[in-house]
Amino acid sequence: MSVKEDKLRKMAENNDNSTVQEDVTEDKPEKAEKKSPMNPIQLFLLNCLIIVTVIWLMFGFVLGLMQAPNSDMSPNIKSGDLILYYRLSREFNAQDIVAVTKNNNTYIGRIVAVPGDTVDITDAEKLVINGNTVIESNVYTSTPRYEGFVEYPVKLGDDEYFILCDRRNGGEDSRYYGSVTKAEIKGKVITIVRRNDL
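Residues numbered from 1 in each chain as written. Predicted model: local features only at pLDDT ≥ 70, side-chain atom pairs only at ≥ 80, totals over all residues. Heavy atoms only, no water.

Colleague: Whenever I open this one, the sheet that holds strand S3 (residues 97-102) confuses me. Can you help?
Modeller: Within a beta sheet, neighbouring strands are joined by backbone hydrogen bonds and run either parallel or antiparallel to one another. Strand order in the open sheet made by the 7 strands is S1-S2-S11-S3-S4-S9-S10, with antiparallel pairing throughout. Either end of the sheet is taken by a strand with one partner, and the two such strands are strand S1 (63-67) and strand S10 (180-181). Across 3 bridges, strand S4 (residues 105-113) lies against strand S9 (residues 160-164) in antiparallel orientation. Across the sheet, Ile-111 pairs through a bridge with Ile-163, a residue of S9. Across the face of the sheet, helix H2 (residues 40-62) comes into contact with S1 and strand S2 (82-86) while running at roughly 80° to S1. (Pairing = 2+ DSSP bridges. Helix = DSSP H or I, 4+ residues; strand = E, 2+ residues; numbered from the N terminus. Contact = heavy atoms within 4.5 Å. Axes fitted to C-alpha atoms, helices over the stretch in contact; angles between N-to-C directions.)

The following block contains the structure:
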């Protein structure tokens, strides 16, 4: 047998093998598509349930949502604005804006003094913390005392904070209801949605 005939025979064998492989491949049954055990309506309801559960957990334990009850934090927060606050952070610093529950009422205010501080309000309506007059860039009015509610100076305990509103004339804050404990602070305000003049 010549070399040429040998090459032709090998090529023919290769063609026969590939044909057999193609036939075997074609004979394999197609895999059936996997179907979900739930119909589309059940799947939609399950997704809705998951979304509602996540929202409930978020707003029940992580975030809080409330409407500003008045304009005590004006001009930064106005009556009717939606306020979103974060419940999990329990570390508070001076100048944090917080939601506070006191005497079964909810207030919004700014922390001006933290545990261990001494707070005084002078006859000249100046805020004094630890003997130093505080200059506040976000407050545009003086800070009068409310006579008959709090005795000054106020020495804060280990778990007490002094809260003031940005609208110092007539705002309900620690000058009215006294210092607040960490347990009375619902959370730190993280964002405001303006609802006025929509």
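Colleague: How do you make sense of the nonpolar core when you look at a structure like this?
Modeller: Residues Val-112, Ala-113, Val-119, Ile-121, Leu-127, Ile-129, Val-150, Tyr-152, Val-154, Leu-156, Phe-162 and Leu-164 constitute the largest nonpolar core, which totals 12 residues. When contributions to this core are tallied by element, the ones reaching two or more residues are S4, strand S5 (118-121), strand S6 (127-129) and S9. Apart from the residues within four sequence positions on either side, Leu-164 is in contact with Met-73, Gly-109, Arg-110, Val-112, Leu-127, Thr-143, Asp-173 and Arg-175. Core analysis: the next-biggest nonpolar cluster, separate from the first, contains 11 residues, Ala-68, Tyr-85, Ala-99 and Cys-165 among them. (Core = buried A, V, L, I, M, F, W, Y, C linked by side-chain atoms within 4.5 Å. Buried < 20%, exposed > 50% of the residue type's maximum accessible area, 1.4 Å probe, protein only.)

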